[in-house]
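Structural overview for review
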Amino acid sequence: MNYLLFVIQSKHQTLARMRADCFFLPAVHFYDYYGNCMDTKTFPMAKFVSEHGWPSYPTWPTYKEATSAEDWSVGSPGMEFRQRHFNKTAEMTNQYGMHFKLPPSWNAATTGEKFRLWKMYHYLNQVQQALCFDTAFGYWHRLRSEPQALTMGILYWQMNDVWPGASWSGIDSSWRWKPMQYVVKRQFDDFVVQSYETNGRLEVFVVSDMPLPTTALIKVSIYQLSGSVCPSSSNNASSSNNASSSTAGTNDSLDADIGGPLAWSATKRVQVPAHNAAVVFNSSVTDMFSLAPGCSYSTCYVHVDAEADAVGPLAAYAPGGKIRSSADSFMMEFKGLKLTKPTIQLSDIQQTSNTTVRFTVSVGGNAALLTYWDSDLLGHFTDNFKNLAPCSSIDVEFKSDQGPVTPAEVITSLTIQDLFDTQADLYTPSAAAPTKP
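Residues numbered from 1 in each chain as written. Predicted model: local features only at pLDDT ≥ 70, side-chain atom pairs only at ≥ 80, totals over all residues. Heavy atoms only, no water.

So, about the confidence of the model for the protein chain. Of the residues in the protein chain, 86% have a pLDDT of 70 or more, and the chain-wide mean is 86. The low-confidence segment residues 234-240 (pLDDT under 50) makes 16 contacts with residues lying over four places distant or belonging to another chain. When the criterion is pLDDT under 50, residues 430-434 qualifies, and its contacts beyond four places in sequence or with other chains add up to 5 contacts. (pLDDT = per-residue confidence, 0-100. Contact = heavy atoms within 4.5 Å.)

All right, on to the sheet that holds strand 9 (residues 276-284) then. One open sheet accounts for 3 strands, arranged 5-6-9; its pairing is antiparallel. Each end of this open sheet is capped by a strand with a single partner; those strands are strand 5 (191-198) and strand 9. Between one strand and the next, the sheet's axes are offset by a mean angle of 20 degrees, whatever the strand orientation. Against the sheet, helix 4 (residues 111-142) makes contact with strand 5, strand 6 (201-208) and strand 9, and its axis sits at roughly 105 degrees relative to strand 5, the strand it touches most. (Pairing = 2+ DSSP bridges. Helix = DSSP H or I, 4+ residues; strand = E, 2+ residues; numbered from the N terminus. Axes fitted to C-alpha atoms, helices over the stretch in contact; angles between N-to-C directions.)

This paragraph deals with the side chain of His303. Mapping His303 onto the fold places it in strand 10 (residues 300-309). A polar side-chain atom of His303 sits 3.1 Å from a polar atom in the side chain of Asp305. (Polar contact = N/O pair within 3.5 Å; in protein donor to acceptor, adjacent residues only side chain to side chain.)

Taken N-terminus to C-terminus, the directions of helix 4 and helix 5 (residues 179-187) make an angle of 15 degrees; their axes are 8 Å apart at the nearest point. With respect to each other, helix 4 and helix 5 are oriented roughly parallel. Viewed along their axes, helix 4 and helix 5 form a crossing whose handedness is right-handed. Contacts between helix 4 and helix 5 involve Gln126, Gln129, Ala130, Phe133, Asp134, Phe137, Gly138 and His141 from the former and Pro179, Met180, Val183, Val184 and Gln187 from the latter. (Parallel < 35°, antiparallel > 145°, perpendicular 65-115°, else oblique. Left-handed = near helix turned anticlockwise from the far one by under 90°.)

This part takes up unusual backbone geometry. Of the consecutive residues Trp157 and Gln158, the connecting peptide bond is found in the cis state with omega at 15 degrees. Relative to the elements of secondary structure, Gln158 occurs in the loop between helix 4 and helix 5. Backbone geometry places His275, a non-glycine residue, at a positive phi of 45 degrees. Tracing the backbone through its elements, the reader meets His275 in the loop between strand 8 (262-272) and strand 9. Its relative accessible area of 45% is what places His275 among the partly exposed residues. Positive phi, normally seen in glycine, also occurs at Cys391, with a value near 65 degrees. With relative accessibility at 3%, the residue Cys391 sits in the buried group. (Buried < 20%, exposed > 50% of the residue type's maximum accessible area, 1.4 Å probe, protein only.)

Below, the discussion takes up the nonpolar core. Ranked by size, the top nonpolar core spans 64 residues in total, and within it Trp118, Tyr121, Trp140, Phe334, Leu369, Leu370 and Leu419 carry the most contacts. Among the elements that make up this core, the one with the highest residue count is helix 4 (16 residues). If near-sequence neighbours (up to four positions away) are discounted, Trp118 is found in contact with Trp60, Tyr63, Trp72, Ser73, Val74 and Met79. Residues Val193, Leu202, Ala216 and Phe289 belong to the second largest nonpolar core, which totals 33 residues. (Core = buried A, V, L, I, M, F, W, Y, C linked by side-chain atoms within 4.5 Å.)

See below:
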């Protein structure tokens, strides 16, 4: 018999256990640090989720401003001082091990190696919080149309923070957004596409908060993770991550030729109900991958693009009258994927106002998974957490909170991290090199 853990009253930290098949509640505070936070079966059905969270440290720029080099090692006194929740380091590390490769030990003899392991730990810490929220909020958001749930609200703990320590916040004490905050922003958009693998089948949902029914163009694709030769125009027309495609509004704006990183795709126009969630694609994963030559669950993944016609008041504000969304599904844990080193580049750097700089992040023939970027400057991005498919790009805008900035200041302030490069020694042992603090 399966049991799940949930909090009835966080004020008194009252814990109870309930059978998973009876997990339908009118309202719930839910925290579970032991279950798999990337499995929707971990989360209860409820009319209203009145509190939910998962912790992380501040962004690296904020953390390093408040600490010193001696604190930049896993388990250091300075790190644990800023972790006020009992046993939280062990709980979080256990969660990371469910999904990611981990080093044999977090201990190291040299300062450079300690710092390299700390940066890996901090990266997983930021990414895991974002993925936990993405799974939970996606699930609860689409439960608005599940008769046993009819979920109509989610509150998360917490929005922002008052000190540079570990907490449940999405915005740290310097007002920098963690990857989790960008995930929350996406999941609460007026139109969201979601994809999930369940019992060997891939289901694609559309979730709409728009007041009127509409239609959307959905493209389900299988991408190779590595080894692609990019066409010279790949960073423009064929970008699967770029939300500002110049072909927006046409029926084939999501189409691309099969070849290069794209192993298979299918496009269809679907009905999107008002104030509702609906399944618009349901297929056997085995059947899908049989149509993608050379693909296995460890070498390819599913990417979904969606473009909905904005209706109601949104029609006047949505760029080109369209709302875009995307989602990714991996058929195995990240630690089982066969990754190779990606090439990430910045281009098209433009000053759009005295406090705003726009640039393009592009990737070559190998995917850059769970990529996110931080700035030492105070401010936030339009987005900072994406899976970058091979030969794809994304346009990003940085808005300064500290007054005027120049393109050179923004670009030199950036730190870009991805799964492979953060864990290079675990994928390619010879690639390990101590990092200077």
